[in-house]
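Inside the fold
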Amino acid sequence: MSTVTLKPYDFPAKDVRENFPAPLLYIGWDDHLMFASPYCLPLPPDTPFGALESAVLPGIYGEHPDFGKIDWSAVQWLKSGQPWKPDPARSLADNGLRHKDVIRFRTPGLTGLKGSHS
Amino acid sequence: MDTRVTKKKLGLKERYAAMTRGLAWDTTYQPMDKVFPFDRYEGIKIHDWEKWEDPFRLTMDAYWKYQGEKERKLYAVIEAFAQNNGQLGVADARYINALKIFIQAVTPLEYMAHRGFAHVGRHFTGAGARVAAQMQSVDELRHFQTETHAISHYNKYFNGMHNASHWYDRVWYLAVPKSFFEDAMSGGPFEFLTAVSFSFEYVLTNLLFVPFMSGAAHNGDMSTVTFGFSAQSDESRHMTLGIECIKFMLEQDPANVPIVQRWIDKWFWRGYRLLTIVAMMQDYMLPKRVMSWKEAWEMYAEENGGALFKDLARYGIRLPKGWEIACEGKDHISHQAWNAFYNFAAAAPFHTWVPTDEELNWLSEKYPDSFDQYYRPRLEFYRERQQAGHRYYSKTLPMLCTTCQIPMFFTEPGDPTKICYRETTHGGDKYHFCSDGCKHIFEQEPEKYVQSWLPVHQIYQGHCFKPGVDPTQPGFDPLAAVLDWYDLNVGRDNFDFEGSEDQRNFATWRGDAPQAGSAKKGGAA
């Protein structure tokens, strides 16, 4: 389907990569819905993936009592909902992450505040 | 000799015809299609505009007389309320935050509706539909004004009400109602009526009106109640227009049915998403509860809406897509929305808070299948943190749904432990959605929604700072710069209710002793 219009209808997409200083990456932590929604972050493509764990996520999720208990070697990542194994030593770009990709992580054994998935 | 002339007075029906359809004419200098370019391109086939049943036999002179009387009564009440310091009679200053949402998110929609109906009131070929739309346009403008007047009294005493029009164009959460209405207004006139008059006013408006107005009554806010009564007679006329328009399109040509069904699917879902904020207000922001969102949904959507769609089945119309998912959401969406506003309370011009124990128990009782299991623990955790001096505020911007523009806090149908993620690719770019409903709407008209002004993305593109602000400066604080661009009074309009100026002032005016724990700072972390 497409928009029914009287005249040709062709307008630029607002959120293409060129409009941002860095590509956007969406990140969510499964089973920890105290954080109401996934987050949106502009991250330079040469950021090492491992910097998420060490530098980015603590500032976002650190207030949760489960965060300190995460065993990072056991964390399961999903990209667009599919299991995915990133290499922490390589950059976001080299891990195949593009503008507006969505990734999530699961932390086995951690089910949120009082097991409520919060 | 003078001839006696018998003055003939028109009967009611003739008079009505003369003052509505009698004022219309077919153009001759220019073809009608050129003068009315918008009422065919959507694909709706109308064979006989004469079959349009005027939903409410009201002429303009009667309209002015009737509305003038109503407004005299309304302004008498507003005046008396002001003279008697009615603002001190409300149940609790937390209630005022429901009025802040009203003036920020609902009142600007009245103005948009005024514009939208003025537009379609010009563009239908049928005079009956034009007159009905024009009258509604005037109603909506009146509602915008009377709401603004009624709430202006509160604005003298409370924060978060002084800048509603400015915020409507800027503040992240207000992009939800704004984009809803702009989506409707940028459709053709038939889609607009299906969106606003039918899907919103006819199917869903009770869910907006009843909780706000009964909520106001229960919480001692008589000026809002009176506004509600004043508007209610208009609303019934608007609802009649909604159902008339639908039936007219369906009866005119069978080829209209699939088009109308597609619009109903789209606008039911958009309206349902928009009402999420009302769900939250109803369950969390009325110190004296009326009924739960779930109960309201069961009564007004499941029972009344269900009966309506049974009635429309004879035209070949079925329940809107996503109906079952919307019904399942009744156990969850108010809690999920409150959590989101609690998270982002630094960036919205109203207060949030953790409900009292008594209120938490009410929620447990009303939501036996969801509240204790999923939502109570996070609220209790927030309270612990706040009492320890660490009120939780999220400082990172959320991922938004491209269609409804709401942060992606809705969960998977059937699994309230997982966020619902949906995505699609268009023109080489990814687009994300909170639900199958929003994804489907995008896929029907991707050219439209790739233009979405998503607040989070606009902030990251650098469009939400005042002129001259340099985001590359060392120590640049983007949130502070955005709030400055919003013209939000940081520390007064935002943050937790606990410790707010509203809370302190209200207690002082009423001579209440400060409540235990109220000395705790609720400010930013």
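Everything here concerns the structure above.
Residues numbered from 1 in each chain as written. Chains lettered and ligands numbered in written order. Predicted model: local features only at pLDDT ≥ 70, side-chain atom pairs only at ≥ 80, totals over all residues.

**A closer look at the overall build of chain B**
Rules: Every helix listed is a DSSP run of H or I at least four residues long, and every strand listed is a run of E at least two residues long, numbered separately from the N terminus. Only C-alpha atoms enter the radius of gyration; for comparison, a globular chain is expected to reach 2.2 Å times N to the power 0.38, where N is the number of residues. Neighbour density around each residue's C-beta defines its exposure: 20 or more other C-beta atoms within 10 Å make it buried, 12 or fewer make it exposed, and counts between make it partly exposed, where C-beta atoms are placed from the backbone. For every residue pair, C-beta atoms are placed from the backbone, and the pair is scored as a contact if these atoms sit within 7 Å.
Along chain B, the regular secondary structure elements total 21 helices and four strands. On C-alpha atoms alone, chain B measures out to a radius of gyration of 25 Å, which is about the 24 Å that the 2.2 N^0.38 rule sets for 525 residues. With the C-alpha coordinates aligned to their principal axes, the bounding extent of chain B is approximately 95 × 65 × 55 Å. Burial statistics for chain B: of 525 residues in total, 47% are counted as buried. Nonlocal contacts in chain B, meaning residues at least 24 apart in sequence, comprise 78% of its contacts between residues at least 6 apart.

**Regarding the overall build of chain A**
Scanning chain A for helices and strands turns up one helix and five strands. Its helices and strands taken in sequence order, chain A reads β-β-α-β-β-β from the N to the C terminus. Computed over its C-alpha atoms, the radius of gyration of chain A comes to 17 Å, more than 25% above the 13 Å expected for a compact globule of 118 residues. With the C-alpha coordinates of chain A rotated into their principal frame, the extents come out at 55 × 35 × 25 Å. Burial analysis of chain A (118 residues in total) assigns 30% to the buried set.

**Comments concerning helix α7 (residues 175–185) of chain B**
Residue and element names in this part refer to chain B. The buried fraction of α7 is high, at eight of eleven residues. Among all positions in α7, only Ala175, Val176, Lys178, Ser179, Phe180, Phe181, Asp183 and Ala184 are buried. Of the surrounding secondary structure, the elements contacted by the buried residues of α7 are α4 (96–123), α6 (164–168), α8 (189–218), α10 (256–274) and α19 (455–460).

**Section: unusual backbone geometry**
Residues and elements named next belong to chain A. Not every positive phi belongs to a glycine, and Asp31 is a case in point at roughly 65°. Mapped onto the elements of the fold, Asp31 is located in the loop between β1 (24–29) and β2 (39–42). By C-beta crowding, Asp31 is classed as partly exposed, having 19 other C-beta atoms within 10 Å. Here Lys100, not a glycine, exhibits a phi torsion of approximately 70°, which is positive. Position of Lys100 among the secondary structure elements: in the loop between β4 (82–84) and β5 (101–106).

**Here we look at the packing of helix α3 (residues 60–83) of chain B against helix α5 (residues 127–155) of chain B**
Residues and elements named next belong to chain B. Under the convention used in this document: Inter-axis angles, ranging from 0 to 180 degrees, are taken between N-to-C directions of lines fitted to C-alpha atoms, where helices are fitted over the stretch in contact. Each angle receives one of four descriptions, namely roughly parallel if under 35 degrees, roughly antiparallel if over 145, roughly perpendicular if within 65 to 115, and oblique otherwise.
Running from N to C, α3 and α5 point in directions that differ by 10°, and their axes come no closer than 10 Å. One finds that α3 runs roughly parallel with respect to α5. Taken together, the residues of α5 that come into contact with α3 (itself represented by Tyr63, Gln67, Glu71, Leu74, Ile78, Phe81 and Ala82) are Met135, Arg142, Thr146, His149, Ala150 and His153.

**Description of the pairing of β1(A)**
Residue and element names in this part refer to chain A. For clarity, the threshold we go by: A pair of strands counts as paired when DSSP detects no fewer than two bridges linking them.
In terms of burial, β1 is a largely internal element, six of the six residues being buried. In β1, alternate side chains face the same way, and those of Leu24, Tyr26 and Gly28 on one face and Leu25, Ile27 and Trp29 on the other are all buried. Summarising the sheet, β1 and β2 pair through four bridges and their orientation is antiparallel. Bridging from a neighbouring strand, Ile27 pairs with Tyr39 of β2. Pairing between β1 and β5: five bridges, direction parallel. Bridge assignment links Gly28 to a residue of β5, and that residue is Arg104.

**Overview of the pairing of strand β3 (residues 76–79) of chain A**
All names here are of chain A. Pairing of β3 with β5, which is carried by four bridges, proceeds in the antiparallel orientation. Each bridged residue has a counterpart across the sheet, and for Lys79 the counterpart in β5 is Ile103. Bridge analysis of β3 against β4 gives three bridges, and the strand direction is antiparallel. What sits directly across from Lys79, in β4, is Gln82. Where β3 folds back onto β4 in an antiparallel hairpin, the turn is made up of two residues, including Ser80, whose phi is positive at roughly 45°.

**Quick notes on the environment of B:Val196**
Residue and element names in this part refer to chain B. Tracing the backbone through its elements, the reader meets Val196 in helix α8. Since 30 C-beta atoms lie within 10 Å of it, Val196 is described here as buried. Sequence separation of Val196 and Ala113 is 83 residues, and the distance between their C-alpha atoms is 8.1 Å. Filtering out sequence-adjacent residues up to four positions away, Val196 remains in contact with Ala113, Gly116, Ala184 and Glu201.

**Considerations on the sheet that holds β4(A)**
Residues and elements named next belong to chain A. With respect to topology, five strands assemble into an open sheet ordered β2-β1-β5-β3-β4, the strand pairing being mixed. Two strands lie at the open edges of the sheet, namely β2 and β4, each paired on one side alone. Each adjacent strand pair in this sheet contributes to an overall mean axis angle of 35°, direction not counted.

**Considering the interface of chain B and chain A**
To keep things clear, this is the line we draw: Classification used: nonpolar for Ala, Val, Leu, Ile, Met, Phe, Trp, Tyr, Cys and Pro, charged for Asp, Glu, Lys and Arg, polar for all others including Gly.
With 45 residues of chain B in contact, the opposing surface of chain A contributes 41 residues. Elements supplying a minimum of two residues to the side of chain B that touches chain A: α14 (333–343), α16 (371–387), β2 (415–419), β4 (429–433), α17 (436–444), α18 (446–449) and α19 of chain B. Split into classes, the residues belonging to the side of chain B that touches chain A amount to 20 nonpolar, 15 polar and ten charged.

**A closer look at the environment of B:Glu42**
With respect to the helices and strands, the residue B:Glu42 is situated in the loop between α2 (32–35) and α3. Judged by C-beta crowding, with 20 C-beta atoms within 10 Å, B:Glu42 ranks as buried. Note: C-alpha distance between B:Glu42 and B:Gly187 (145 residues apart in sequence) is 8.6 Å. Non-local contacts of B:Glu42, meaning those with residues more than four positions away in its chain, are made with A:Val4, B:Gly188, B:Phe190 and B:Glu191.

Without other data, these values stay purely geometric and don't point to any function.
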